[in-house]
Amino acid sequence: VRLPLAAALHHTLVKPIVAGAPQPPFAASTRDGYAVATADGPGTWPVVARLAAGAAGPPPPLDRGTVAYITTGAAVPAGADAVVMVEDVDFVFGADDDAAAAAAAAGGGGAGRAAGGRGGSADATVTAVVVKTPLAPGTHIRPVGSDVAAGEVLVPVGARLTPAAIGVAAAAGVTAVTVTRMPVVGVLSTGNELTDAGGGGGGGGGGVGADDSPPPPAAAVLDANRPTLLASLAAVTPACSSAAAPAATAAGSGGVIDYGIVRDEADAVAAAVATARDAVDVLITSGGVSMGDADHVKPALAAAGTILWGRVAIKPGKPLTAATLGRRGGPRPSSPADDGRPTQVAVGLPGNPASAFVGFHLVVRSAIDVLSGGDGAGLPRVDVTVGSGAGRGVARDRGRLELVRATVAWRDGGCGGGGGGGGNSRAA
Ligand code: AMP
Ligand code: MG
């Protein structure tokens with residue numbers, strides 16, 4: 001899709017961003033000072049012009065034996081080949097401003113301009129400066145194209161647009177870019193025991209020094225997974241953090257749809273999956289994916305698409321299920337990645353909050369990455385040295401990848417792991 005540059009953060013480039021013009025487009029001063037001809041050498045030279053950044057058109061050429069006051073970023077005039085810093089010259093002041101202006105207006109056959117440049121003292125006009133040492137040609141000048149040559153690839157195909165890349169593109173005059181769509185992600189929880197935790201402020205009250213919450217209704221379990229998953233989406237894929245507005249979705253900007261809590265009833269789960277199937281690229285469910293008679297997610301995914309796998313040899317996370325979904329109306333005209341990969345996937349995460357959290361990071365974030373044009377690399381891997389005590393007492397389950405909680409800290413340039421163990425179902 002083609003998006004305005006400002007809307008393309010995090011999207012993956014389908015076409016490279018190429019510089020249409022050199023940067024800088026003109027030789028520019030990198031200092032506040034005086035433009036000089038190095039061939040003039042040291043001496044006392046009259047200041048004949050004031051050249052400020054942003055002046056329209058190229059500056060008038062500089063005559064030999066004269067200098068021009070110049071600000072950082074201003075175009076260096078023809079005839080000048082170096083800039084001497086304002087700190088490195090001595091000043092010659094006019095008798096007073098009126099006299100200096102009168103003298104300049106009188107012209108005397110020279111450049112005929114009022115001298116620019118203010119010295120350090122009072123308001124007296126600098127009429128000439130003393131250049132004390134010879135300068136090498138090019139001193140304090142950024143040549144044309146020294147940052148970027150015309151035609152240079154600024155951001156390559158396949159790169160994700162970072163804030164810095166957006167800055168580079170904007171500086172090159174780019175206002176729209178061709179990028180992959182971001183997926184629309186749907187999230188739902190299943191479970192008759194679940195109550196919406198809300199989380200929208202209010203409530204609570206009275207806690208001293210802590211954000212206490214009112215006790216949930218007896219026998220209810222507050223829905224922890226949806227808030228966790230929605231927040232994880234915001235952290236991992238910021239473009240998938242806002243509620244999916246239809247216009248933004250149509251434009252390919254991605255977004256999130258919160259399908260709430262669905263009861264453990266075959267029809268309710270099937271209806272929710274069918275609804276989501278028509279709106280999302282990735283559906284994330286939690287709970288109801290095991291083999292109990294209240295677990296309706298697997299049959300619903302099988303009815304709406306094709307199960308890829310129904311269990312994984314990972315602890316926690318055994319019943320984690322993945323499926324492709326087929327939209328009732330057939331595939332979308334513009335899929336995020338037109339390369340034959342399935343464009344719609346569903347991941348049924350186990351309800352245990354720790355399992356759901358782990359499953360999101362092991363499976364869902366890679367799926368979202370692939371669907372938004374990335375390589376699906378997922379979480380970064382680091383080698384750690386396991387500290388004393390850590391990892392002991394963890395009963396190994398042979399034949400399964402076992403994931404344990406750990407605290408990792410940088411120490412002496414490496415990663416050290418500690419803590420670990422713990423079999424509760426909290427996600428952190
Ligand atoms: P399930 O995978 O549906 O069998 O659920 C496994 C365990 O996780 C049960 O104790 C559920 O109550 C709990 N659980 C399921 N979904 C959630 C959720 N969204 N938030 C918190 N706990 C949950
Ligand atoms: Mg359940």
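Going by the structure above, here's the rest.
Nothing here was measured: the structure is a model prediction, and the numbers come from that model.

*Asks:* Provide a residue-level description of the site of ligand 1, including the pertinent values.
*Replies:* If you check the shell around ligand 1, you find 15 residues, and the closest are Glu193, Asp223, Ala224, Gly288 and Gly351. The backbone of Gly288 places a nitrogen or oxygen atom 2.9 Å from an oxygen atom of ligand 1. A distance of 2.9 Å separates an oxygen atom of ligand 1 from a polar backbone atom of Gly351. For ligand 1, whose accessible area on its own is 480 Å², the fraction buried by protein is 72%. For the shell around ligand 1, the class distribution of residues is 6 nonpolar, 7 polar and 2 charged.

*Asks:* Give a detailed account of unusual backbone geometry, specifying residues and quantitative values.
*Replies:* A negative phi angle characterises most non-glycine residues, just as the trans form characterises most peptide bonds. Cis geometry marks the peptide bond from Gln23 to Pro24; its omega dihedral reads -10 degrees. Note on placement: Pro24 falls in the loop between β2 (17-18) and β3 (28-29). With an omega dihedral of 5 degrees, the bond running from Lys315 to Pro316 counts as a cis peptide bond. Within the fold, Pro316 resides in the loop between β19 (314-315) and β20 (321-325). One non-glycine residue, His10, lies in the positive phi region at around 75 degrees. Tracing the backbone shows His10 in the loop between β1 (2-4) and β2. Overall, the relative accessible area of 25% leaves His10 in the partly exposed class. Its identity is not glycine, yet His140 carries a phi of approximately 60 degrees, on the positive side. With respect to the helices and strands, His140 occurs in the loop between β9 (126-131) and β10 (141-142). The exposure class of His140 is partly exposed, given its relative accessible area of 23%.

*Asks:* So, the packing of helix α5 (residues 266-277) against helix α6 (residues 297-304): which residues are in play, and what are the values?
*Replies:* Running from amino to carboxyl end, α5 crosses α6 at an angle of 40 degrees, the nearest separation of the two axes being 9 Å. Here α6 runs oblique to α5, going by the angle between their axes. With respect to the hand of their crossing, α5 and α6 are arranged in right-handed fashion. Along its contact with α5, which presents Val269, Ala270, Val273 and Arg277, the element α6 presents Val297, Ala300, Leu301 and Ala304.

*Asks:* Outline the sheet that holds strand β17 (residues 282-286), supporting the account with residue identities and numerical values.
*Replies:* An order of β16-β13-β17-β21-β20-β18 is seen for the 6 strands of this open sheet, with the pairing classed as mixed. Two strands close off the open sheet at either side, each with one partner strand: β16 (255-262) and β18 (305-309). Ignoring which end each strand starts from, the neighbouring axes of this sheet average 20 degrees apart. Looking at chain direction, β17 and strand β21 (residues 345-349) are connected through 5 bridges and run parallel. Paired with Ser286 across the strands is Leu349, a residue of β21. Where helix α3 (residues 225-236) meets the sheet, it contacts β13 (184-190), β16, β17 and β21, and its direction lies at approximately 165 degrees from that of β13. Most of the contacts of α6 go to β18, to which it runs at about 125 degrees, and overall it touches β13, β17, β18, β20 and β21.

What counts and what doesn't
- Residues numbered from 1 in each chain as written.
- Chains lettered and ligands numbered in written order.
- Predicted model: local features only at pLDDT ≥ 70, side-chain atom pairs only at ≥ 80, totals over all residues.
- Heavy atoms only, no water.
- Near = heavy atom within 4 Å.
- Polar contact = N/O pair within 3.5 Å; in protein donor to acceptor, adjacent residues only side chain to side chain.
- Areas by Shrake-Rupley, 256 points an atom, 1.4 Å probe, with all protein chains shown as cover.
- Nonpolar A, V, L, I, M, F, W, Y, C, P; charged D, E, K, R; others polar.
- Helix = DSSP H or I, 4+ residues; strand = E, 2+ residues; numbered from the N terminus.
- Buried < 20%, exposed > 50% of the residue type's maximum accessible area, 1.4 Å probe, protein only.
- Axes fitted to C-alpha atoms, helices over the stretch in contact; angles between N-to-C directions.
- Parallel < 35°, antiparallel > 145°, perpendicular 65-115°, else oblique.
- Left-handed = near helix turned anticlockwise from the far one by under 90°.
- Contact = heavy atoms within 4.5 Å.
- Pairing = 2+ DSSP bridges.

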